[in-house]
Amino acid sequence: EGGRVGVQTLGEIVKTEKDIRLRISAVRALGHSESDEAVSLLVDVVKNDANIKVRTAAVGAIGEIGTPKAQEALMKILENE
């Protein structure tokens, strides 16, 4: 339960924080969560964040999660490039 709250909080930071470094830090923390919920948040970042560094960090974070959902998400991202 606490992990889920952490994922949601990090997701909010990624979506609302103006400081790129803080957004990247939150994205990297999501990558350590091993959470499929984090995968969904990170896919949204890859598709919608205005900053290439944040988007790139999100792709790396999805890879770090390593769950089947994360692997599937990476394949879809690569297919769309």
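Quick caveat, the model's predicted, so the values are computed rather than measured. (Residues numbered from 1 in each chain as written. Predicted model: local features only at pLDDT ≥ 70, side-chain atom pairs only at ≥ 80, totals over all residues. Heavy atoms only, no water.)

**Here's the deal with the overall build of the protein**
So, step 1. Along the backbone of the protein there are five helices and zero strands.
So, step 2. Against the compact-globule benchmark of 12 Å for 81 residues, the protein has a radius of gyration of 11 Å, which places it among compact chains.
So, step 3. Its C-alpha atoms put the protein at 30 × 30 × 15 Å along the principal axes.
So, step 4. Within the protein, the proportion of its 81 residues that are buried is 36%.
So, step 5. Contacts in the protein between residues at least 24 apart in sequence constitute 53% of all its contacts with a sequence separation of at least 6.
So, step 6. Accessible surface for the protein amounts to roughly 5100 Å². Of this, 53% is attributable to carbon and sulfur atoms.
So, step 7. Distance between charge centroids for the protein: 6 Å, based on 11 positive and 13 negative side chains. (Helix = DSSP H or I, 4+ residues; strand = E, 2+ residues; numbered from the N terminus. Rg over C-alpha atoms; globule rule 2.2 N^0.38 Å. Buried < 20%, exposed > 50% of the residue type's maximum accessible area, 1.4 Å probe, protein only. Contact = heavy atoms within 4.5 Å. Areas by Shrake-Rupley, 256 points an atom, 1.4 Å probe, with all protein chains shown as cover. Lys, Arg positive; Asp, Glu negative; His and termini not counted. Charge placed at Lys NZ, Arg CZ, Asp CG, Glu CD.)

**What about the confidence of the model for the protein?**
So, step 1. The predicted model of the protein has a mean per-residue pLDDT of 92, with 93% of residues at 70 or higher.
So, step 2. Put simply, helix H1 (residues 2-16) is where the protein has its lowest mean pLDDT, 85, and helix H4 (residues 52-65) is where it has its highest, 97. (pLDDT = per-residue confidence, 0-100.)

**Side note on the pattern of salt bridges**
Where side chains of opposite charge bring their charged atoms close, a pairing between them can arise.
So, step 1. Applying the stated rule across the entire model yields three salt bridges.
So, step 2. Between Asp19 and Arg21 there is a salt bridge, with the nearest N and O atoms lying 3.2 Å from each other.
So, step 3. Accessibility expressed as a relative area gives 24% for Asp19, which makes it partly exposed.
So, step 4. For Arg21, a relative accessible area of 64% gives the class exposed.
So, step 5. Glu72 is the salt-bridge partner of Lys76, the closest N and O atoms lying 3.4 Å from each other. You can see Lys76 and its partner Glu72 sitting in helix H5 (residues 68-80), four residues apart, about one turn around the helix.
So, step 6. On the accessibility criterion, Glu72 (46% relative accessible area) is partly exposed. (Salt bridge = Lys/Arg side-chain N within 4 Å of Asp/Glu carboxyl O.)

**Some words on the nonpolar core**
So, step 1. Formed by 22 residues in total, the largest nonpolar core has its most connected members in Val27, Leu30, Leu42 and Ile62.
So, step 2. If one sorts the elements of this core by residue count, helix H3 (residues 36-48) sits on top with seven residues. (Core = buried A, V, L, I, M, F, W, Y, C linked by side-chain atoms within 4.5 Å.)

**Re the environment of Lys18**
So, step 1. In this structure, Lys18 sits in the loop between H1 and helix H2 (20-31).
So, step 2. Among the residues examined, Lys18 registers a relative accessible area of 76% and is labelled exposed.
So, step 3. Residues Lys18 and Leu30 lie twelve residues apart in sequence; the distance between their C-alpha atoms is 18 Å.

**Focus: H2**
So, step 1. For H2, built from twelve residues, the straight-helix expectation of 16 Å at 1.5 Å per residue is met to within 8% by its first-to-last C-alpha distance of 17 Å.
So, step 2. If you check the start of H2, you find a side-chain oxygen 2.8 Å away from the backbone N of Arg21, and it comes from Asp19. (Expected span 1.5 Å × (residues − 1). Polar contact = N/O pair within 3.5 Å; in protein donor to acceptor, adjacent residues only side chain to side chain.)

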